[in-house]
Amino acid sequence: MSDNIFITEERIEGAEDGPLAGRTVAVKDNISTEGVRTTCGSKMLEDYVPPYDATVVERLTDAGATIVGKANMDEFGMGTTTETSYFGETDNPAAPGHVPGGSSGGSAAAVAAGEADLALGSDTGGSVRCPAAFCGVVGIKPTYGLVSRYGLVAYGNSLEQIGPFGETVEDAAALLDVIAGSDERDATTRSEGDDSSYAAAATGDVDGLSIGVPTELLEGADEGVVETFWDAIDELEDRGAEYHEVSLPSVEHAVEAYYVIAMSEASSNLARFDGVRYGRSGGYDGNWNEAFAKAREEGFGDEVKRRILLGTYALSAGYHDKYYKKAQDARAWVKQDFDEALSEADVLASPTMPVPPFELGESLDDPLKLYLADANTVPVNLADLPAISIPAGETDGLPVGLQLVGPAFGEERLIRAASALA
Amino acid sequence: MSDDAVSPEEVRHVADLARVDLDDDEVDRFTEQFADILEYFETLDEVPEVDRDADLANVMRPDEERASLDSEEALRNAPETEDGYFKGPNVS
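Attention in this report is confined to the structure presented alongside it.

## Quick look at the overall build of chain B
Along chain B, the regular secondary structure elements total 3 helices and 2 strands. Along the chain direction, N to C, the helices and strands of chain B fall in the order α-α-α-β-β. The C-alpha radius of gyration of chain B comes to 22 Å, more than 25% above the 12 Å expected for a compact globule of 92 residues. Along the first, second and third principal axes, the C-alpha set of chain B runs to 55 × 45 × 20 Å. Per-residue burial for chain B yields a buried fraction of 27% across its 92 residues. Summarising the internal contacts of chain B: among those between residues at least 6 apart in sequence, 35% fall at separations of at least 24. When the accessible surface of chain B is split by element, carbon and sulfur atoms take 43% of a total near 6900 Å².

## Things to note about the interface of chain B and chain A
Tallying the contact residues gives 49 residues for chain B and 56 residues for chain A. The junction of chain B with chain A conceals about 4700 Å² of combined surface from both sides, 65% of it contributed by carbon and sulfur atoms. With a closest N to O distance of 2.7 Å, A:Lys305 and B:Glu26 form a salt bridge. The interface formed by chain B and chain A contains 16 residue pairs in polar contact (both at pLDDT 80 or more). Contributing elements (two or more residues each) for the side of chain B that touches chain A: helix 1 (8–17) and helix 2 (24–41) of chain B. Top contributing element to the side of chain B that touches chain A by residue count: helix 2 of chain B, with 10 residues.

## Remarks on the environment of A:Lys294
Of note, A:Lys294 is situated in helix 7 (residues 288–299). Distance in space between the C-alpha atoms of A:Lys294 and A:Ser281 is 8.6 Å, their sequence separation being 13 residues.

## Details of the sheet that holds strand 11 (residues 398–405) of chain A
Residues and elements named next belong to chain A. Across the sheet, 11 strands lie side by side as 1-3-2-4-6-5-10-11-9-7-8; this open sheet has mixed pairing. At either margin of the open sheet sits one strand with a lone partner, and together these are strand 1 (6–8) and strand 8 (242–246). Taken over all neighbouring pairs, the strand axes of this sheet differ in orientation by 35° on average, direction set aside. Pairing analysis gives 5 bridges linking strand 7 (residues 210–214) to strand 8, with the strands arranged parallel. Paired with valine 213 across the bridge in strand 8 is glutamate 245. Along the sheet, helix 1 (residues 55–62) contacts strand 2 (24–28), strand 3 (66–71), strand 4 (118–123) and strand 6 (161–166); its crossing angle with strand 3, the most-contacted strand, is approximately 150°.

## Points about the environment of A:Pro351
Checked against the element boundaries, A:Pro351 lands in strand 9 (residues 347–351). On a C-alpha basis, the gap between A:Pro351 and A:Ser281 in space is 43 Å, while along the polypeptide they are 70 residues apart.

## Structural notes on the nonpolar core
Core analysis: the biggest nonpolar cluster contains 71 residues, and A:Phe76, A:Phe273, A:Leu309 and A:Leu348 have the highest contact counts within it. Secondary-structure elements contributing two or more residues to this core are helix 6 (254–269), helix 8 (302–315), helix 9 (320–342), helix 10 (367–372) and helix 11 (378–382) of chain A together with helix 1 and helix 2 of chain B. Residues contacting A:Phe273, with those up to four places away along its chain left out, are A:Met44, A:Leu45, A:Phe76, A:Val153, A:Tyr278, A:Phe292, A:Arg296 and A:Phe300. One finds A:Val138, A:Ile162, A:Val178 and A:Leu402 within the second-largest nonpolar core, a separate group that totals 54 residues.

## So, unusual backbone geometry
Cis peptide bonds are those with omega within 30 degrees of zero, and the linkage from A:Gly102 to A:Ser103 qualifies with 0°. With respect to the helices, strands and loops of the structure, A:Ser103 is situated in the loop between strand 3 and helix 2 (105–112). You will see that A:Phe76, though not glycine, has its phi angle at about 55°, which is positive. Look at B:Asp83: it is not a glycine, yet its phi comes out positive at around 50°.

## Quick look at the pairing of strand 9 of chain A
All names here are of chain A. Among the 5 residues of strand 9, 5 are classified as buried, and the element is accordingly described as predominantly covered. When strand 7 meets strand 9, the two strands line up parallel, connected through 2 bridges. Looking at strand 9, one finds that isoleucine 211 is bridged to valine 347. Where strand 9 and strand 11 come together, 4 bridges link them in antiparallel fashion. By the bridge assignment, proline 351 is partnered in strand 11 with leucine 402.

## Thoughts on the pattern of salt bridges
Note on pairing: side chains with opposite charge can pair once their charged atoms come close. Residues and elements named next belong to chain A. Inspection of every chain in the model, using the stated rule, returns 22 salt bridges over all chains. Ionic pairing is found between aspartate 123 and arginine 129, a salt bridge with its closest N-O pair at 2.8 Å. In this structure, glutamate 303 and arginine 306 form a salt bridge, with 2.7 Å as the shortest nitrogen-oxygen distance. In this pair, glutamate 303 and arginine 306 are both assigned in helix 8, 3 residues apart and thus about one turn of the helix distant. With respect to burial, glutamate 303 and arginine 306 carry one shared label: buried. Taken together, the shared-partner salt bridges connect Arg23, Asp117 and Asp171 into one network.

## Things to note about the packing of aromatic side chains
Summed over all chains, the structure comprises 17 aromatic pairs over all chains. Consider the rings of A:Phe76 and A:Phe300, whose centres lie 5.9 Å apart with planes at 80°: the pair is edge-to-face. Of this pair, A:Phe76 sits in the loop between strand 3 and helix 2 while A:Phe300 sits in the loop between helix 7 and helix 8; the two residues are 224 residues apart in sequence, bridging distant segments of the chain. On the basis of relative accessibility, which here comes to 2%, the residue A:Phe76 falls in the buried class. On the basis of relative accessibility, which here comes to 4%, the residue A:Phe300 falls in the buried class. Ring centres 6.4 Å apart and planes at 70° place the aromatic pair A:Tyr323 and B:Phe41 in the edge-to-face group.

## Points about helix 12 (residues 411–418) of chain A
Residue and element names in this part refer to chain A. Looking only at helix 12, the buried set comprises Glu411, Leu414, Ile415, Ala417 and Ala418. Within helix 12, the buried residues cover an arc of 165° as seen down the axis, which keeps them to one side. Turning to helix 12, the residues buried within the fold contact strand 5 (138–141), helix 4 (169–179), helix 5 (223–238), strand 9, strand 10 (387–395) and strand 11.

## A closer look at the pairing of strand 2 of chain A
The two faces of the sheet receive side chains in turn, since in a regular strand these alternate between them. Residues and elements named next belong to chain A. Taking burial as the measure, the 5 residues of strand 2 include 5 buried ones, the bulk of the element. The side-chain alternation of strand 2 yields two buried faces, one formed by Thr24, Ala26 and Lys28 and the other by Val25 and Val27. For strand 2 and strand 3, the ladder comprises 5 bridges, and the chain directions are parallel. Looking at the pairing, valine 27 lines up with lysine 70 of strand 3. Two elements, strand 2 and strand 4, share 3 bridges in a ladder whose sense is parallel. If you follow alanine 26 over to strand 4, its bridge partner there is alanine 119.

Each value, and the rule that gives it
Residues numbered from 1 in each chain as written. Chains lettered and ligands numbered in written order. Predicted model: local features only at pLDDT ≥ 70, side-chain atom pairs only at ≥ 80, totals over all residues. Heavy atoms only, no water. Helix = DSSP H or I, 4+ residues; strand = E, 2+ residues; numbered from the N terminus. Rg over C-alpha atoms; globule rule 2.2 N^0.38 Å. Buried < 20%, exposed > 50% of the residue type's maximum accessible area, 1.4 Å probe, protein only. Contact = heavy atoms within 4.5 Å. Areas by Shrake-Rupley, 256 points an atom, 1.4 Å probe, with all protein chains shown as cover. Buried area = accessible area lost by both parts, 1.4 Å probe. Salt bridge = Lys/Arg side-chain N within 4 Å of Asp/Glu carboxyl O. Polar contact = N/O pair within 3.5 Å; in protein donor to acceptor, adjacent residues only side chain to side chain. Pairing = 2+ DSSP bridges. Axes fitted to C-alpha atoms, helices over the stretch in contact; angles between N-to-C directions. Core = buried A, V, L, I, M, F, W, Y, C linked by side-chain atoms within 4.5 Å. Phe/Tyr/Trp six-rings, centres within 6.5 Å; stacked < 30°, edge-to-face > 60°. Arc of directions from axis to C-beta.

In structure tokens form, the structure reads like this:
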């Protein structure tokens, strides 16, 4: 094992034939694999072995893919660097000494290091796109409801989707073809994408494509990142696309809305970890509440505790209207803004991350600084839209990602546009 | 820092509600961090009221029996079991 990419290295063989026969896939460790440990990067689930497969895992093995391991991640998906994993940080194969991004950092690193052909991550506020950008690979965050979440350990379930990584857009699209599609075991499933063909859409044809560039998503971004971004837009223009600037005033409030909603959902979703049915046991005498609180003190890391507590606070009596209700207003506003901008453009483009990859250890002590780094990715999750991150080039030797955002179930359009660059 | 920044007592209270024990160092650290983070969350006050799509509907499936985990599988990850049940601490 190199760079601490996998938490568990174990092969799960797929069917002999299928569209992914002969391909290897790394699976983020919050996606359930029957009989293979699934830890969510947490001490709480260090020894948890799911008794069933997630729908996406069934679809992978049915399609002939071989799963080669469970990839490292920020604990329960909470982080932007893969440094909050109980199993240690992952190094970035594309920029050694730097973080691979998060929370699906192990999955992106597996593809970047050639440890797997493809990978699955999950994206609650950018957790596929951020590590794709930092590791110089392709990552797709699908439209909410396109990919089943059955068997994905929930963190912020109104926001998160499982998404594919690949070295090329066509590879990531081929994996999306396999995992997408409605599933009766997921109550939020949608059927609109059932007849799509994603890999076939990777034609590289952007002639006549109209690109909207939200000015707010360039403000405050690192200068080298912005230069690299415009170089990529120039290349799309050379191939027949045209761009215009658009304004999304609501995105100024997307980060705080995202964190209030995600933390509130986390405080509820993580209540299931009581150390009785599964997970680390308090193993203490005394009453239920004391044993429960002790198990959670020992099982959860700092970032998880921080989010559970802030979520509990935001939902508590007297603060619900001040935080949670306002965050829902902001979410509706973001959706309206995107609808309007996408009525005048085929896709929207921005840097995926406003900054190049942090050095390992650089940002751990300042949670607010890390939350602000998610400014360009979280609006997409609030609006339930699809987005793709593709390598745009480098600044000071560090990878920079370009993000394209499309309308709901517009994955084929995004893949066509992105395939002009990667 | 905003006027109603959280106090260490409030952090302890919320931790009680969330059933997460904290040691004294964690209380101090979270108190400081929560002041910054909650102050930032307060910028949500600038968000205008927005008409929301109200077309939410409950998603129900037919109330029919279907296969599920058997009890052995369901109990496999439990730290303690007894006679086919989960064994937990006293409720009160």
